[in-house]
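Inside the fold
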Amino acid sequence: RKEVEQDPGPFNVPEGATVAFNCTYSNSASQSFFWYRQDCRKEPKLLMSVYSSGNEDGRFTAQLNRASQYISLLIRDSKLSDSATYLCVVNNNNDMRFGAGTRLTVKP
Amino acid sequence: EAQVTQNPRYLITVTGKKLTVTCSQNMNHEYMSWYRQDPGLGLRQIYYSMNVEVTDKGDVPEGYKVSRKEKRNFPLILESPSPNQTSLYFCASSPYREYTQYFGPGTRLTVL
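First, a word on scope: everything that follows refers to the structure included in this document.

Cut-off values and rules
Residues numbered from 1 in each chain as written. Chains lettered and ligands numbered in written order. Predicted model: local features only at pLDDT ≥ 70, side-chain atom pairs only at ≥ 80, totals over all residues. Heavy atoms only, no water. Core = buried A, V, L, I, M, F, W, Y, C linked by side-chain atoms within 4.5 Å. Buried < 20%, exposed > 50% of the residue type's maximum accessible area, 1.4 Å probe, protein only. Contact = heavy atoms within 4.5 Å. Buried area = accessible area lost by both parts, 1.4 Å probe. Salt bridge = Lys/Arg side-chain N within 4 Å of Asp/Glu carboxyl O. Helix = DSSP H or I, 4+ residues; strand = E, 2+ residues; numbered from the N terminus. Pairing = 2+ DSSP bridges. Disulfide = S-S within 2.5 Å. Axes fitted to C-alpha atoms, helices over the stretch in contact; angles between N-to-C directions.

Another point: the nonpolar core. Side chains of a nonpolar character, in soluble globular proteins, are inclined to be buried together. F21, W35, I71, L73, I75, Y86 and L104 of chain A are the most contacted members of the largest nonpolar core, which totals 24 residues. Beyond its immediate sequence surroundings of up to four residues, Y86 of chain A is in contact with Q6, F21, W35, Y36, R37, L47, L73, I75, G101, T102 and L104 of chain A. Counting 19 residues, the second largest nonpolar core, distinct from the first, contains L19, C23, F74 and L76 of chain B.

The interface is formed by 21 residues belonging to chain A together with 24 residues belonging to chain B. Both faces combined, the contact of chain A with chain B buries some 1,700 Å², and carbon together with sulfur accounts for 51% of it. Considering only the side of chain A, the residues that lose the most area to chain B are R41, N94 and F98 of chain A, jointly responsible for 37% of the buried surface there. On inspection of chain A and its partner chain B, the count reaches one salt bridge.

What follows covers the pattern of salt bridges. Counted under the stated rule, the structure contains 12 salt bridges over all chains. The salt bridge involving E3 of chain A is made with R97 of chain A; its shortest N-O contact spans 3.1 Å. You can see E3 of chain A sitting in the segment before β1 (4–6) and its partner R97 of chain A sitting in strand β10 (residues 95–98), a full 94 residues away along the chain. When its relative accessible area of 17% is taken as the criterion, R97 of chain A is described as buried. Measuring nitrogen to oxygen at the nearest pair gives 3.6 Å for the salt bridge that ties E56 of chain A to R76 of chain A. With E56 of chain A in strand β6 (residues 55–57) and R76 of chain A in the loop between β8 (70–75) and β9 (84–92), this residue pair connects regions lying 20 residues apart in the sequence. Residue classification places E56 of chain A among the exposed residues on the basis of a relative accessible area of 57%. Each of E3, D95 and R97 of chain A together with D59 of chain B takes part in salt bridges that share partners, so that together they form one network.

Another aspect to go through is the pairing of strand β5 (residues 42–51) of chain B. All names here are of chain B. With eight of 10 residues buried, β5 is to be regarded as a mostly interior element. Direction of pairing for strand β4 (residues 31–38) relative to β5: antiparallel, over a ladder of seven bridges. Following the sheet pairing, Q37 is matched in β5 by L43. The antiparallel pairing of β4 with β5 creates a hairpin that spans three residues between the two strands, and G40 there sits at a positive phi of about 80 degrees. Strand direction decides the pairing type here: β5 and strand β6 (residues 54–57), joined by four bridges, are antiparallel. Residue pairing across strands places N51 opposite V54, the latter belonging to β6. What sits between the antiparallel neighbours β5 and β6 is a turn of two residues, in which E53 has the positive phi angle 65 degrees.

Below, the discussion takes up the state of the cysteines. Residue and element names in this part refer to chain A. Applying the stated rule across the entire model yields two disulfides over all chains. A sulfur-sulfur distance of 1.9 Å marks the disulfide that ties C23 to C88. Across the S-S bond linking C23 and C88, the dihedral sits near -65 degrees, which makes this disulfide left-handed. Highlighted residues: C23 in strand β3 (residues 19–25) and C88 in strand β9, separated in sequence by 65 residues.

Residues and elements named next belong to chain A. Here we have five strands laid out as an open sheet, ordered β1-β3-β8-β7-β6, and antiparallel in their pairing. Whereas interior strands pair on both sides, the edge strands pair on one side only; in this sheet they are β1 and β6. Ignoring which end each strand starts from, the neighbouring axes of this sheet average 20 degrees apart.

This paragraph deals with the side chain of T61 of chain A. As for its placement among the helices and strands, T61 of chain A is situated in strand β7 (residues 60–65). Dropping the residues within four chain positions of it, T61 of chain A is found in contact with M48, N55, E56, S72, L73, L74 and R76 of chain A.

Before going further, it helps to spend a moment on the environment of L80 of chain A. All names here are of chain A. Assignment of secondary structure puts L80 in the loop between β8 and β9. The class for L80 is partly exposed, based on a relative accessible area of 40%. Taking the C-alpha atoms as reference points, L80 and E15, separated by 65 residues in sequence, lie 6.5 Å from one another. The contacts of L80, once residues within four sequence positions are left out, are E15, V106, K107 and P108.

That's the geometry; what it means functionally is another story.
Here it is in C-alpha cells:
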C-alpha cells in the first residue's frame, strides 16, 4: 500500500463547478500536510498548507481528518486556469511523501 | 527574485559516466531536498538536508549522493548512472521546519 494515495482522475468539470479531491495517508504520526499544484511537468507550486481546524484561501478550502487519516481539497467556482495536477504532500519527520496526483481539467 | 535554480535543465548521458546536477537557492533556507518524478509514481524524495553538513536519506537514496557544504547549494551526484535513473529531478528548499517548499524548474535526465 502506498504511503500517500490519491485518486488519479482525471476529473473533467465545467467552469463554475465545485470539485473535491481526497488524499489518504498511512502514517498516523505524520506532522504536517500540504496541497501543491503542478502544471504539465513543470515544478510543483505550493497551493496551501492544511491545518487541523481546516483553512480557506479564496475559492480553495482544505480539511484534515486525523482520525480517518485523510486530507481534502475543495475548489469552488472552478476556472479554466485551475486545470492542473493536484499533489497531496505529507511530512513524516522531515521525510516528505507525495501522492501521485489528481488531474483536473476545467472545460468551458 | 527569490528562486531555486538547477543546472543543467536537460542532460543525456551514458551508463557509468559520473554527473552532478547543481541546485542553488537565494532565500537563505535551511531545508533543501531532492526528488525524482516518474509517471504514475509521483515525486519521491531522494535526499534532504536540514542545514549545512546535515543530510539524510529520503525514500529512494540508492545510487545518489549529496553534499551540503554551503547553505545555498545542494548538489546531487550520480557516481555511476544507470538507465533506471532516467527521470525528472526537482530540487526544493524551505524555511526551517515550515516545509512550504519552493521548487526549482527541474532537470530532465536520460541515461542511455
